[in-house]
Structure formats: structure tokens, C-alpha cells
Amino acid sequence: MAKMPLEDADERNTSKLHLNPWEIIQIVLIVIVAYLMYLWKGPPLAALTVMVWIDKNFFTRLKFQDQFGLELETLSSIIAGVIYGPFFGFFFGFVVWTFIGGLFEIVAWMIVPPYGPATYPFVPSFDTLTDGFLGVVGGLVGTSIPLLFLVFGACVIRNVIQIVKDYVYGWPPKFAYVINILFNVIIVIAFQYYLKAIFNIS
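Cut-off values and rules
Residues numbered from 1 in each chain as written. Predicted model: local features only at pLDDT ≥ 70, side-chain atom pairs only at ≥ 80, totals over all residues. Heavy atoms only, no water. Axes fitted to C-alpha atoms, helices over the stretch in contact; angles between N-to-C directions. Helix = DSSP H or I, 4+ residues; strand = E, 2+ residues; numbered from the N terminus. Left-handed = near helix turned anticlockwise from the far one by under 90°. Contact = heavy atoms within 4.5 Å. Nonpolar A, V, L, I, M, F, W, Y, C, P; charged D, E, K, R; others polar. Buried < 20%, exposed > 50% of the residue type's maximum accessible area, 1.4 Å probe, protein only. Polar contact = N/O pair within 3.5 Å; in protein donor to acceptor, adjacent residues only side chain to side chain.

**Q** I'm lost on the packing of helix α5 (residues 73-84) against helix α9 (residues 176-199) in this one. Help?
**A** Helix-helix packing: each pair is described by the crossing angle between the helix axes and the interaxial distance. As a packed pair, α5 and α9 sit with axes 12 Å apart at the nearest point and diverge in direction by 35 degrees. Between α5 and α9 lies a crossing whose hand is right-handed. Each of T74, L75, I79 and I83 in α5 lies in contact with α9, whose residues at this interface are N184, I187, V188, L195 and F199. Partitioning the contact of α5 with α9 into residue classes produces 7 nonpolar, 2 polar and no charged.

**Q** Any chance you could explain unusual backbone geometry here in plain terms?
**A** Excluding glycine, a negative phi dihedral is what most residues carry, and trans is how most peptide bonds are arranged. The phi angle at F122 is positive, at roughly 70 degrees, despite the residue not being glycine. Assessed through its relative accessible area of 33%, F122 is described here as partly exposed.

**Q** How should I be thinking about the side chain of N180 in this particular structure?
**A** As for its placement among the helices and strands, N180 is situated in helix α9. Judged by its relative accessible area of 2%, N180 is buried. Within the structure, the side chain of N180 is placed 2.9 Å from the side chain of N159, a separation counted as a polar contact. Discounting chain neighbours no more than four positions away, the residues touching N180 are F68, G69, E71, C155, R158 and N159.

What follows is the structure, given as C-alpha cells:
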């Protein structure tokens, strides 16, 4: 059997490691934005920004939120409110998710076009307004109840609001709303220790 020349093998291995320029921009962007957030309000905000990046690069782009109810907007907005108070909770849920999330989303689209109908980055929406409201809820409730109960209650509120919105627009109800509640609860149960350690939640 003929052996592959070493030069050809090296070229193939090198091609596997090749990064799309937009992928490099994507990595550099999250490093810069997370670092700026770290300088502004410390490690918790940097970690919350990484959650925005993960959501926009994976869940939103693949329409996991619409189809399966998988998203990190709810949990991150609640945690932002618990840590920094209701005003910043609203700011994070509404402003950060709209504009910084929109920036991450555009770069993600340059790598892989979104599956299905796309949303509009940088345009405030009913969903980001709801996230801002949940940030306020997180700030007002704080650590007076366990994080698991807070997230469960906030997710129920969020999805009831979504159901009402769908009813107003004449859209059919989605099973994704049930999955969304279960997903966020499972995340908190599975990573409760790490969430409390990273975000310093008692």
C-alpha cells in the first residue's frame, strides 16, 4: 500500500487546525468584552457575559430556544439581579442581552448562517424586556429564598408571559415552554455548587 507523503500529511493536519477569520474574531471578542466587564464589576459579570456568548453562539443560532426551550437569558438575568440589584438586573436582561448579545449573534452568523428565521440583533424585543423584568425579580427577591426556587418561579412567570404573548398573536402554544422550565431547573440543580461559588451567592 502506498504511503502518504509526509508533506501531504502535514498539510492535512494543518488544514484541520485552520480557523475561519470570523472564528478568531469571535474568540478575541469574548475575551475583550469579558475582560471589560471584569474591570467594570468583577468576575461575576465577566462570567455572565460568557453565558451570553454561549447562548448566542450555540442556543440562539441553532434555534434551540424556539424549538426546544434551551436558553441562558433567564438564568443569567436572574443572577445579575441577585448579585447587583434590581436596576442592574433590568439593565443586564434588557440592554446587555440586546446589544452585546446582538454583537455576539452577528459574528456567530458570519461563521454559520442561522437555522430558520432570524431575529434582529440590536433591536429591543418583548423577550429582552421580559428578561429585564426577571432581572428586577431576581434583584428584589435576592437570596431570601433558595436559588432553585427563585429560578423555578421566575421561569414559570416568564413562560406564562410567553404563552399570553402567543395567544395575543394567534400562535399555537409550544411544548418548548415546559422544556424551558425543566432545563433551567436542571442547570441549577446540576451546577448549583459552581453557580454559588462563581457568583458568590449564599
